[in-house]
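Now for the letters of each chain:
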Amino acid sequence: MATLFDHAIRLGDDALILGQRLSAWCGHAPMLEVDLALANIALDLIGQATLFLKLAGEEEGKGRDADALAFRRDVLDFRNCLLVEQPNGDFAQTIARQFLFSNWQELLMMEIAQAPSPALSAIGAKAVKEVAYHARYASEWVVRLGDGTEESRRRMIAGLDWMWRFVDELFDPEDGASSLRPAWDARVAATLRAASLDVPGPRRGVLGGRKGHHSEHLGHLLCEMQFLQRAYPDASW
Amino acid sequence: MSKASKGEGPAREWPLWEVFVRAKNGLSHKHAGSVHAADARMALEAARDTYTRRMEGVSLWVVPSSAITASDPGEGAALFEPAADKIYRHPTFYTIPDGVKNI
């Protein structure tokens, strides 16, 4: 049975790692407007991560705050799902990741907003509004790219193809999130239909993120994200 | 940046949209700026992300810039200068009650 600490650290790590990933688009997006939108989403996620990790630190009771958990943990101690640590790739691959994740996260946050722990439910209630926008934004891009030019369609399919094997982990029965699957399937299928894209066929899901078994990508991400706090602990300016 | 923003000609650029923000209920929408977007929905989202991220508004309008007809600066004299000496058109002879913020 997962404790409140386990729960908070998973949610916090999901948001933190995806927030960091998306931040890498800043200054590189295809259009200024898209640049701002991705940075906004990244900031929403990092804000959620701060709240979830703070709660995790309090639950743990060892004096670690959100910064300590974010910047002074090693890769094996991260509990994010594998989906969020996947590389940005091209814009379509980033959108594919966001689309699959945000639709899941929105359903999850709706559930968490009703959680028995008041600390957890307050974060869920705040996050659900932000995430609803992320899901809408990503879904609309899936339709635009899928139903756009030959090239955008090819890239969208490739992006979904890359990300699809990490979907099963989101609904791992060990996390108790398997009940969200039918609603998620329905949402994703509806958007893909509007984009005239096929739902990718079933494939063997890759699991392990929740136990700390990460892909090589996460270590590189943490290198960059944690560098400053590692090199200059407690630096401030 | 994409080819579109390297100025390969107007055909590769997304169309421009003018953004109007209503700061709070009861006030009118005010022009805030413009965004590039491929369709109206994308324009609304870009406007939301660009112009309301610091709680500037409660409502947004986006209008294709091409739908706006502007006055000709060359006609400025005929259009606007005749109003210059007609101060009686200003409601400056009324006293505004204390506490009224918008009139």
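Since the model is a prediction, treat every value here as computed from it, not as a measurement.

**Side note on the overall build of chain B**
- Helix and strand counts for chain B stand at two helices and three strands.
- Starting at the N terminus and ending at the C terminus, chain B contains elements arranged as β-β-α-β-α.
- Counting the 103 residues in chain B, one finds 14% classified as buried.
- A separation of at least 24 residues holds for 42% of the contacts in chain B among residues at least 6 apart in sequence.

**A word on the overall build of chain A**
- Along the backbone of chain A there are nine helices and zero strands.
- The order of helices and strands in chain A, counted from the N terminus, is α-α-α-α-α-α-α-α-α.
- Relative to its length of 237 residues, chain A is compact, with a C-alpha radius of gyration of 17 Å against a globular reference of 18 Å.
- Projected onto its principal axes, the C-alpha positions of chain A cover 55 × 40 × 30 Å.
- Across the 237 residues that make up chain A, the buried fraction comes to 41%.
- Look at the contacts in chain A between residues 6 or more apart in sequence, and 74% of them connect residues 24 or more apart.

**A short note on the nonpolar core**
- Within the largest apolar cluster, 72 residues are counted, with the highest numbers of intra-cluster contacts made by A:Phe52, A:Leu83, A:Ile95, A:Ala96, A:Leu100, A:Val142 and B:Ala43.
- Once you skip the residues sitting within four places of it in the chain, A:Val142 turns out to touch A:Ile95, A:Phe99, A:Met156, A:Thr191 and A:Ala195.

**With respect to the interface of chain A and chain B**
- Between chain A and chain B, the contact holds nine residues from the first and twelve residues from the second.
- Broken down by element, the residue count for the side of chain A that touches chain B peaks at four residues, all from helix α2 (residues 32-60) of chain A.
- For the side of chain A that touches chain B, the residue count by class is five nonpolar, one polar and three charged.

**Remarks on unusual backbone geometry**
Residues and elements named next belong to chain A.
- Backbone geometry places serine 196, a non-glycine residue, at a positive phi of 50°.
- With respect to the element layout, serine 196 can be found in the loop between α8 (181-194) and α9 (216-231).
- The exposure class of serine 196 is exposed, given the 10 C-beta atoms found within 10 Å.

**Section: the pairing of strand β2 (residues 29-36) of chain B**
Residues and elements named next belong to chain B.
- Where strand β1 (residues 16-22) and β2 come together, seven bridges link them in antiparallel fashion. Note that in β2 the partner of arginine 22 across the bridge is histidine 29.
- Between β1 and β2, which pair antiparallel one after the other, the connecting turn spans six residues, and glycine 26 there sits at a positive phi close to 105°.

**Let's talk about the confidence of the model for chain B**
- Taken as a whole, chain B shows an average pLDDT of 85; of its residues, 88% reach a score of 70 or greater.
- Counting contacts from residues 1-10 of chain B, a segment whose pLDDT is below 50, to residues more than four positions away or on other chains yields nine contacts.

**Remarks on helix α5 (residues 91-112) of chain A**
- For α5(A), built from 22 residues, the straight-helix expectation of 32 Å at 1.5 Å per residue is met to within 8% by its first-to-last C-alpha distance of 30 Å.
- With respect to burial, α5(A) is a largely interior element, 20 of its 22 residues being buried.

**Focus on the environment of B:Ile96**
All names here are of chain B.
- Take isoleucine 96: it is sitting in the segment after α2 (76-80).
- Residue isoleucine 96 is classed as exposed on the basis of its 9 C-beta neighbours within 10 Å.
- A C-alpha to C-alpha distance of 43 Å links isoleucine 96 and alanine 37, two positions 59 residues apart in sequence.

**Quick word on the packing of α5(A) against α8(A)**
Residues and elements named next belong to chain A.
- One can describe the packing of α5 onto α8 by two numbers: an axis separation of 10 Å at closest approach and a directional angle of 140°. Relative to α8, α5 is oriented oblique. With respect to the hand of their crossing, α5 and α8 are arranged in right-handed fashion. Contact with α5, carried on its side by Asn103, Trp104 and Leu107, involves Ala183, Trp184, Arg187 and Val188 of α8 and no other residues of that element.
- Class assignment for the residues of the contact of α5 with α8 results in five nonpolar, one polar and one charged.

**Details of the sheet that holds β2(B)**
All names here are of chain B.
- Pairing is antiparallel across the open sheet formed by three strands, whose spatial order is β2-β1-β3. Taken across any chain shown, the strands that pair with only one partner, and hence form the sheet edges, are β2 and β3 (59-64). Averaged over all pairs of adjacent strands, the angle between their axes in this sheet comes to 30°, without regard to strand direction.
- Against the sheet, helix α1 (residues 40-51) contacts β1, β2 and β3, and its axis sits at roughly 130° relative to β3.

**Examining the packing of helix α1 (residues 4-23) of chain A against α2(A)**
Residues and elements named next belong to chain A.
- Running from amino to carboxyl end, α1 crosses α2 at an angle of 155°, the nearest separation of the two axes being 7 Å. Considering their axes alone, α1 and α2 lie roughly antiparallel with respect to each other. Once α1 is placed against α2, the crossing between them reads as left-handed.
- Grouping the constituent residues of the contact of α1 with α2 by class yields 20 nonpolar, four polar and two charged.

**Concerning α1(A)**
- The end-to-end C-alpha distance of α1(A) is 28 Å, a good match for the 28 Å that 20 residues give at a rise of 1.5 Å each.
- Extensive coverage of α1(A) is indicated by the burial of 16 of its 20 residues.

Conventions and cut-offs
Residues numbered from 1 in each chain as written. Chains lettered and ligands numbered in written order. Predicted model: local features only at pLDDT ≥ 70, side-chain atom pairs only at ≥ 80, totals over all residues. Helix = DSSP H or I, 4+ residues; strand = E, 2+ residues; numbered from the N terminus. Buried ≥ 20, exposed ≤ 12 C-beta atoms within 10 Å, placed from the backbone. Contact = placed C-beta atoms within 7 Å. Rg over C-alpha atoms; globule rule 2.2 N^0.38 Å. Core = buried A, V, L, I, M, F, W, Y, C linked by C-beta atoms within 7 Å. Nonpolar A, V, L, I, M, F, W, Y, C, P; charged D, E, K, R; others polar. Pairing = 2+ DSSP bridges. pLDDT = per-residue confidence, 0-100. Expected span 1.5 Å × (residues − 1). Axes fitted to C-alpha atoms, helices over the stretch in contact; angles between N-to-C directions. Parallel < 35°, antiparallel > 145°, perpendicular 65-115°, else oblique. Left-handed = near helix turned anticlockwise from the far one by under 90°.

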